[in-house]
Amino acid sequence: MPDQAKEPAGKASADPLHCSFCLKSQHEVQKLIAGPGSLFICDECVALCDEYVAGRTPKIDHEQFKLGNIPSERLLMRLKPIEQTLQGMGNQLHAAIEELRGREVSWARIGEALGISRQSAWERFS
């Protein structure tokens, strides 16, 4: 069984976890490493990152990642993990903004950093 985040006591997940990058399930990889929120990275994606960090460009079959080459059933199975990844990123964004507001950073500065108006930032995150 791959390494993965432990569920809180009494809350077991029937759905498999997926890598937030390649979308492979925990059953398709050796290890799945938990990140913040609902974000995960598999050992295969970590190995690719290691290659890039070492200054080497790994050989990747880019055709396998094109949506047109992925069977419909597999795409359907991946919709929920994609949504969970987006939710995880949204949760991380909300947590960062809450931290900034706790530090009394203005809505104007937050909006500027996001490329939106102060009013839009306030409406979206308050």
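Criteria and cut-off values
Residues numbered from 1 in each chain as written. Predicted model: local features only at pLDDT ≥ 70, side-chain atom pairs only at ≥ 80, totals over all residues. Heavy atoms only, no water. 1 Å grid on protein atoms, 1.4 Å probe; cavity = no way out; pocket = protein on both sides within 12 Å on 5 of 7 lines; lining within 4 Å. Points joined across faces, edges and corners; volume = space filled by probe spheres on them. Helix = DSSP H or I, 4+ residues; strand = E, 2+ residues; numbered from the N terminus. Expected span 1.5 Å × (residues − 1). Bend = angle between axes of the 7 residues up to and from the residue. Buried < 20%, exposed > 50% of the residue type's maximum accessible area, 1.4 Å probe, protein only. Contact = heavy atoms within 4.5 Å. pLDDT = per-residue confidence, 0-100. Axes fitted to C-alpha atoms, helices over the stretch in contact; angles between N-to-C directions. Left-handed = near helix turned anticlockwise from the far one by under 90°. Salt bridge = Lys/Arg side-chain N within 4 Å of Asp/Glu carboxyl O.

**Considerations on the layout of surface pockets**
Computed from the structure, the largest pocket encloses a volume of approximately 450 Å³. Forming the boundary of the largest pocket are 20 residues, of which F21, C22, L23, Q64 and F65 lie nearest the centre. Put simply, the parts of the chain that give the lining of the largest pocket at least two residues each are α1 (43–53) and α2 (72–102). Ranked by the residues each element gives to the lining of the largest pocket, the list is headed by α1, at five residues.

**So, α2**
Given 3.6 residues to a turn, an α-helix orients residues that are three or four positions apart in the same direction. If you check α2, its first and last C-alpha atoms are 45 Å apart, about what 31 residues at 1.5 Å a residue would give, namely 45 Å. The sharpest bend along α2 reaches about 30 degrees and sits at R78, with the proline P81 one to four residues further on. All of the buried residues along α2 are R78, P81, T85, G88 and I97. On its buried side, α2 packs onto α3 (107–114) and α4 (118–125). Where α2 ends, the next residue or the one after it, E104, has phi of about 65 degrees, a positive value.

**Comments concerning the confidence of the model for the chain**
A residue-level look at the chain finds 90% of positions with pLDDT of 70 or above and a mean pLDDT of 83. Predicted confidence is poor over residues 1–12, with pLDDT under 50, and the contacts of this stretch with residues over four places away or in other chains come to 17 contacts.

**A short note on the packing of α2 against α3**
As a packed pair, α2 and α3 sit with axes 10 Å apart at the nearest point and diverge in direction by 145 degrees. As α2 runs across α3, the sense of the crossing is right-handed. Counting all contacts with α2, which are made through L93, I97, L100 and R101, the residues of α3 involved are W107, I110 and L114.

**Looking at the pattern of salt bridges**
Scanning the entire structure with this criterion turns up three salt bridges. R56 serves as the salt-bridge partner of E51, at 2.9 Å between the closest nitrogen and oxygen. Residue classification places E51 among the partly exposed residues on the basis of a relative accessible area of 27%. We classify R56 as partly exposed; its relative accessible area is 45%. A salt bridge links R103 to E99; the shortest N-O distance between them is 2.9 Å.

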